[in-house]
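The lines below spell out each chain.
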Amino acid sequence: MSEPRFIPLPGFVEYTIEEMQQRARRYCVEISRRRTVRDFSDRPIPPGVIEDCLRAAVSAPSGANMQPWHFCVIEDADIKRRIRVAAEEEERHFYQHRASPEWLAALAPLGTDSDKPFLEVAPCLIAVFVQRWGYLPDGRKVKHYYPTESVGLACGLLIAGLHHAGLATLTHTPSPMGFLNQILKRPKNERPFLLLVTGYPAKDAKVPDIERLPLQQTVSWHRPGG
Ligand code: IYR
């Protein structure tokens, strides 16, 4: 086993207390404006934006730094159409047979159905794959640790980055998503994790009238003195 090598922490920026408080508040305001969008425009995305957001995403922490992810950026109309056809077939089965009445009831406020025009309209689909194992340079298999959690973290950064850049996203998970391996020719150590639909929202985009839970319900504090 090789000795770990350490370097001085690069790039740490220290802010004043006021700056730190302002940055936290501003981030909260900006990220809280994010809404999942299902009505997309076909307007093209400016060059470099997706690539920079992906660079940010792959800076996410991952189990044993294995970086167990692969991102396919799909801008080709024919591939988008094939993904739409395959996704809608799965979704019809989901809405008609697979989803339990409870699941359908939980989805009702979102107004979703098996029609997925956004898969063709939006200029960019990012198919995210999780690698349960990888390969060493000599071809041997290597197990990945916490792959699903790691890819979830990378997707969180990606969604936040795209929002920060001024784009809308939809975290779409047609289930099952095995068709993505076939269409995108991905190997069998990769499992589709998420199809992130990306672009400008349509001019008349609407979103469901739903609320986030209040912090008191989702956060508990354990402060000195109780
Ligand atoms: N995959 C289906 C159903 C669906 C499931 C969940 I969980 C959602 O948060 C939203 C939709 C669809 O995309 O319509």
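Residues numbered from 1 in each chain as written. Predicted model: local features only at pLDDT ≥ 70, side-chain atom pairs only at ≥ 80, totals over all residues. Heavy atoms only, no water.

Around the ligand sit R38, E91, F94, Y95, W103, L107, L110, T112, D113, K116, H172 and T173, and that is every residue in its neighbourhood. Here an oxygen atom of the ligand and a side-chain polar atom of E91 are 2.9 Å apart. Here T173 contributes a backbone N or O atom positioned 3.4 Å from a nitrogen atom of the ligand. When the ligand is considered free in solution it has 380 Å² of accessible area, and contact with the protein chains removes 73% of it. Broken down by element, the shell around the ligand gets its largest block of residues, three residues, from helix α3 (residues 77-98). (Near = heavy atom within 4 Å. Polar contact = N/O pair within 3.5 Å; in protein donor to acceptor, adjacent residues only side chain to side chain. Areas by Shrake-Rupley, 256 points an atom, 1.4 Å probe, with all protein chains shown as cover. Helix = DSSP H or I, 4+ residues; strand = E, 2+ residues; numbered from the N terminus.)

On to a nonpolar patch on the surface, then. A cluster of nonpolar side chains, L215, V219 and W221, forms an exposed patch at the surface whose accessible area comes to about 330 Å². Secondary-structure assignment places W221 in the segment after α8 (215-218). What makes W221 exposed here is its relative accessible area of 57%. (Patch = residues over 30% accessible without salt bridge, like charges linked within 9 Å, V, L, I, M, F, W, Y side chains within 5 Å. Salt bridge = Lys/Arg side-chain N within 4 Å of Asp/Glu carboxyl O. Buried < 20%, exposed > 50% of the residue type's maximum accessible area, 1.4 Å probe, protein only.)

Moving on, we come to the sheet that holds strand β5 (residues 168-172). If you walk across this open sheet you meet the four strands as β1-β2-β6-β5, and the pairing is antiparallel. Strands with a single pairing partner mark the edges of an open sheet, and in this sheet they are β1 (69-74) and β5. Ignoring strand direction, the axes of neighbouring strands in this sheet form an average angle of 25°. In this sheet, strand β2 (residues 124-131) lies alongside β1 in antiparallel orientation, the contact comprising six bridges. Its bridge partner being in β2, H70 is matched across the sheet by F129. Each of β1, β2 and β6 (190-199) is contacted by helix α2 (residues 49-57), which is oriented at about 170° to β1, the strand it contacts most. Relative to the sheet, helix α6 (residues 147-165) contacts β1, β2, β5 and β6, its axis offset from that of β6 by approximately 10°. (Pairing = 2+ DSSP bridges. Axes fitted to C-alpha atoms, helices over the stretch in contact; angles between N-to-C directions. Contact = heavy atoms within 4.5 Å.)

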